[in-house]
Amino acid sequence: MSEITFRIYRFEAGKDASPRYDEYKLALEEGDTLLKCLNTIRGAQDGTLAYRMSCGSAICGSCAMRANGHALLACKTQAAGLVKNGVIQLDPLGNFPVIRDLVVDLEPFWSSLRKVSPWLQPNLADEPARERLQTPAQFQLIDDVTTCILCASCWSDCNVLEVDKKFLGPATLAKAHRFIFDTRDAKGRERMEKITEPNGLWDCTHCGECSTRCPTETKPLARIEETREAVMMAGITNSPGARHALGFRESMRWFGALNENYLPVRSVGFFNIPGLLGIMPVGLRMMLKRKAPPMFPHWIDKVGEVKRIFKRFHELRKNVGGAGTKTDGDD
Amino acid sequence: MALQYAFFTGCVAKGAGRELLTSTNLVCKKLGIELFEMEDAACCGAGVGGEDNVMVSDTVNARTFALAEERGMDIMNICVTCQGVHKKAQARLAKEPGYMARVNDVLKSETGREYKGQAKVRHFAKILIEDYGLDKLKALVVKPLGELKAAAFYGCYSVRPHEYSDLKNPDDPDEMERILEAIGAKTVNYPGRLKCCGFPIIMMNKQNSLTLSGSVIRSAKESGADCLVTQCPLCHLNMDAYQPEIDETLRMPVVHIQQLIGLALGYTAEQMGMNTHIISASGALASI
Ligand code: SF4
Ligand code: SF4
Ligand code: SF4
Ligand code: SF4
Ligand code: FES
């Protein structure tokens with residue numbers, strides 16, 4: 001196969017004033033992984049190049065880096081598919097301080113994980129004689145999420161972390177899901193209350209980077225969606241995100257459509273005066289441009305059908321004891 | 001026979017972003033694409049519905065698909081959020097026949113309808129490229145957009161997760177640029193092109209939301225764009241209506257892709273609702 005150029009980020013914290021890119025030429029052989037190429041470069045061309053690796057088989061999670069701007073595992077990706085105009089550009093993971101070259105300081109990742117007590121907390125009062133068993137169906141709930149290898153690829157490309165390092169982050173929210181959905185864990189409710197605090201579950205924008213970059217079946221965005229559903233079911237609705245979801249439910253139930261006058265007010269909270277004032281300017285600006293939604297909400301045709309669907313599920317929910325609808329004026 | 005679609009407008013195009021509805025209708029009229037507006041379809045839930053209860057949301061959306069099937073048509077969306085939500089719902093239903101059956105049970109008993117898994121959902125841009133053809137569009141252009149430098153903003157629901165994306169190469173798409181070039185505009189590549197605009201958390205964390213949209217707008221501006229072009233009324237809302245709160249000095253017009261197509265097809269700025277934006281586009285459009 002033809003020779004290609006690796007353009008690799010070089011930087012040593014505490015020594016270099018700014019990063020640079022070094023270029024290395026290498027003849028690709030069919031099936032070469034990115035990691036194999038790096039090993040060849042380090043072995044034959046430049047012993048000072050720093051990157052992490054261990055298992056070489058997508059299990060340890062240490063070789064995550066960015067290729068052409070996107071996070072991936074170097075050992076799980078063939079180099080040939082990454083070549084763009086004869087070049088592959090490698091950078092360290094995003095959203096972390098760089099220690100040297102492709103090695104980043106993962107401390108923010110670990111300290112976020114610690115916040116959600118990432119271990120099983122069963123009810124110790126009812127200690128079983130042998131181990132705590134799960135049925136296959138119960139395990140199914142956490143089958144995907146337990147595949148996380150803590151590689152931090154999701155972290156690297158998360159759009160919210162780019163603007164706010166306080167955000168709990170995708171892998172942490174997935175880890176919280178792992179224990180909330182574990183039938184052997186007894187702290188589900190506390191876990192849910194904890195992650196619905198500000199900078200948590202409801203701060204994710206759905207940008208989808210985490211699920212796209214995740215090399216396992218963990219797919220954090222899908223887990224975030226499931227956790228939000230669980231939180232709503234449990235009736236933990238005292239946060240702007242949950243109120244927003246409730247507002248949406250009500251609006252869809254009554255109008256079959258989104259009522260844009262009602263929803264912002266509901267999300268901010270009826271009694272949150274500073275919050276309500278905060279949504280005023282955009283409303284006024286839009287009114288001046290005749291952009292504000294019609295004062296009289298728009299009902300879709302045959303809205304009765306949609307109401308019946310909601311009602312049917314409301315009955316089901318009552319039967320399973322879900323509390324998500326308790327306080328919001330459902331009929 | 002003319003192309004015909006069941007037209008899912010979404011709620012924003014009927015409320016705060018009515019210029020999107022008007023411009024889509026006029027553009028399709030000129031192109032000879034027949035739209036049948038789904039007045040009876042419910043809101044897609046914008047992902048929020050699914051997070052409240054995924055089965056309710058899938059059932060409401062299955063009803064929408066069933067309505068299109070009754071008309072014997074595929075669905076056209078004009079909002080990448082609606083498109084992404086519809087596509088995810090269809091994927092979930094297709095993946096598990098047992099789930100589909102349970103959803104259809106509710107649907108049948110509450111509405112007498114059934115989703116058969118036939119109606120396809122696609123965004124306007126995809127229909128334009130695949131069903132209509134950009135050569136045909138190009139042939140109808142009477143006022144090429146000449147000097148206008150347009151920065152396409154894809155909207156994350158159209159890009160990620162990749163498994164639900166309709167783009168050929170979601171990490172490096174060119175669909176919007178191809179449409180813009182067909183109507184004679186110049187396009188610019190800029191770092192924010194595939195980023196999130198932050199809209200979904202505008203009610204939960206306004207500061208983060210507006211930092212996200214602000215960085216998209218800045219990056220387009222630094223790359224020399226005259227305007228941002230969206231294919232989702234929600235991206236539009238966060239970047240246009242909120243722009244004065246982000247930074248008064250940015251003054252970056254944000255327009256719907258349908259509006260630019262309409263101008264190229266000979267409609268006036270007024271007909272395309274250009275005067276309804278918070279950030280005036282008249283300076284940018286003076287060049288065409
Ligand atoms: S979907 Fe949410 S958690 Fe995942 S990367 Fe985007 S903002 Fe971060
Ligand atoms: S969720 Fe996926 S991307 Fe994130 S750390 Fe775990 S395995 Fe890596
Ligand atoms: S995404 Fe928004 S506008 Fe589009 S239908 Fe759904 S809720 Fe309504
Ligand atoms: S860019 Fe913003 S509004 Fe547009 S699809 Fe993404 S989150 Fe939605
Ligand atoms: S080296 Fe272990 S995951 Fe790549």
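Residues numbered from 1 in each chain as written. Chains lettered and ligands numbered in written order. Predicted model: local features only at pLDDT ≥ 70, side-chain atom pairs only at ≥ 80, totals over all residues. Heavy atoms only, no water.

**Student:** Looking at this model, I keep getting lost on the domain arrangement of chain A. Mind explaining?
**Tutor:** Frequently, the measure chosen for interface size is the accessible area that the parts lose on association. All names here are of chain A. On domain assignment, one finds that chain A holds domain 1 (3-103), domain 2 (107-233) and domain 3 (240-320). Using C-alpha coordinates to define each centre, domain 1 is positioned 29 Å away from domain 2. Across the contact, 17 residues belong to domain 1 and 16 residues belong to domain 2. Note on domain 1 versus domain 2: buried area summed over both sides is about 1200 Å², and carbon and sulfur give 53% of it. Sorting the residues of domain 1 by area buried against domain 2 places Ala 71, Asn 95 and Phe 96 first, and these three jointly supply 46% of that buried surface. In this structure, the connection of domain 1 to domain 2 is made through one salt bridge. Counting the contacts that link domain 1 with domain 2 gives 10 residue pairs in polar contact (both at pLDDT 80 or more). (Domains from an automatic or database assignment. Contact = heavy atoms within 4.5 Å. Buried area = accessible area lost by both parts, 1.4 Å probe. Salt bridge = Lys/Arg side-chain N within 4 Å of Asp/Glu carboxyl O. Polar contact = N/O pair within 3.5 Å; in protein donor to acceptor, adjacent residues only side chain to side chain.)

**Student:** In this structure, what is going on with the pattern of salt bridges? I would like to understand it.
**Tutor:** As enumerated under the stated definition, the model contains 45 salt bridges over all chains in all. A salt bridge links Arg213(A) to Asp171(B); its shortest N-O distance comes to 2.8 Å. Of this pair, Arg213(A) sits in helix α8 (residues 209-213) while Asp171(B) is found in the loop between α8 (156-159) and α9 (175-182), placing the two residues in two different chains. Residue Arg213(A) is classed as buried on the basis of its relative accessible area, which comes to 8%. Residue Lys206(B) is joined to Glu245(B) by a salt bridge in which the shortest nitrogen-to-oxygen separation is 2.8 Å. You can see Lys206(B) sitting in helix α10 (residues 206-222) and its partner Glu245(B) sitting in helix α12 (residues 243-246), a full 39 residues away along the chain. (Helix = DSSP H or I, 4+ residues; strand = E, 2+ residues; numbered from the N terminus. Buried < 20%, exposed > 50% of the residue type's maximum accessible area, 1.4 Å probe, protein only.)

**Student:** Explain the site of ligand 4 here, please?
**Tutor:** Residues and elements named next belong to chain B. With respect to spatial proximity, 13 residues lie near ligand 4, and among them Gly 155, Cys 156, Cys 197, Pro 200 and Cys 235 are the closest. Contributing elements (two or more residues each) for the shell around ligand 4: α4 (80-95), α8 and α11 (233-241). Taken together, the residues that form the shell around ligand 4 break down as 11 nonpolar, two polar and no charged. (Near = heavy atom within 4 Å. Nonpolar A, V, L, I, M, F, W, Y, C, P; charged D, E, K, R; others polar.)

**Student:** What is the right way to look at the sheet that holds strand β4 (residues 70-73) of chain A in this model?
**Tutor:** Sheets are built from strands paired through backbone hydrogen bonds, the pairs being either parallel or antiparallel. Residues and elements named next belong to chain A. A sheet is described by the order of its strands in space; here five strands give the open sequence β2-β1-β5-β3-β4, paired in mixed fashion. In the strand order of this sheet, the two ends are held by β2 (20-27) and β4, each with one partner. Going across the sheet, the axis of each strand differs from the next one's by a mean of 35°, ignoring polarity. Where strand β3 (residues 64-67) lies against β4, four bridges are found, and the strand directions are antiparallel. Its bridge partner being in β4, Arg 66 is matched across the sheet by Ala 71. In the packing of helix α1 (residues 34-44) onto the sheet, the strands contacted are β1 (3-10), β2, β3, β4 and β5 (87-91), and the crossing angle to β1 comes to about 80°. (Pairing = 2+ DSSP bridges. Axes fitted to C-alpha atoms, helices over the stretch in contact; angles between N-to-C directions.)

**Student:** Mind showing me how you'd approach helix α5 (residues 97-111) of chain B here?
**Tutor:** Since the α-helix packs 3.6 residues into each turn, any two residues three or four apart lie on the same face. All names here are of chain B. The end-to-end C-alpha distance of α5 is 20 Å, a good match for the 21 Å that 15 residues give at a rise of 1.5 Å each. Where α5 is concerned, the buried positions are Tyr 99, Met 100, Val 103, Asn 104, Val 106, Leu 107, Glu 110 and Thr 111. Mapping the buried residues of α5 onto a view down its axis gives an arc of 160°, with all of them on the same face. Just downstream of α5, Gly 112 is the residue with a positive phi angle, here 75°. (Expected span 1.5 Å × (residues − 1). Arc of directions from axis to C-beta.)

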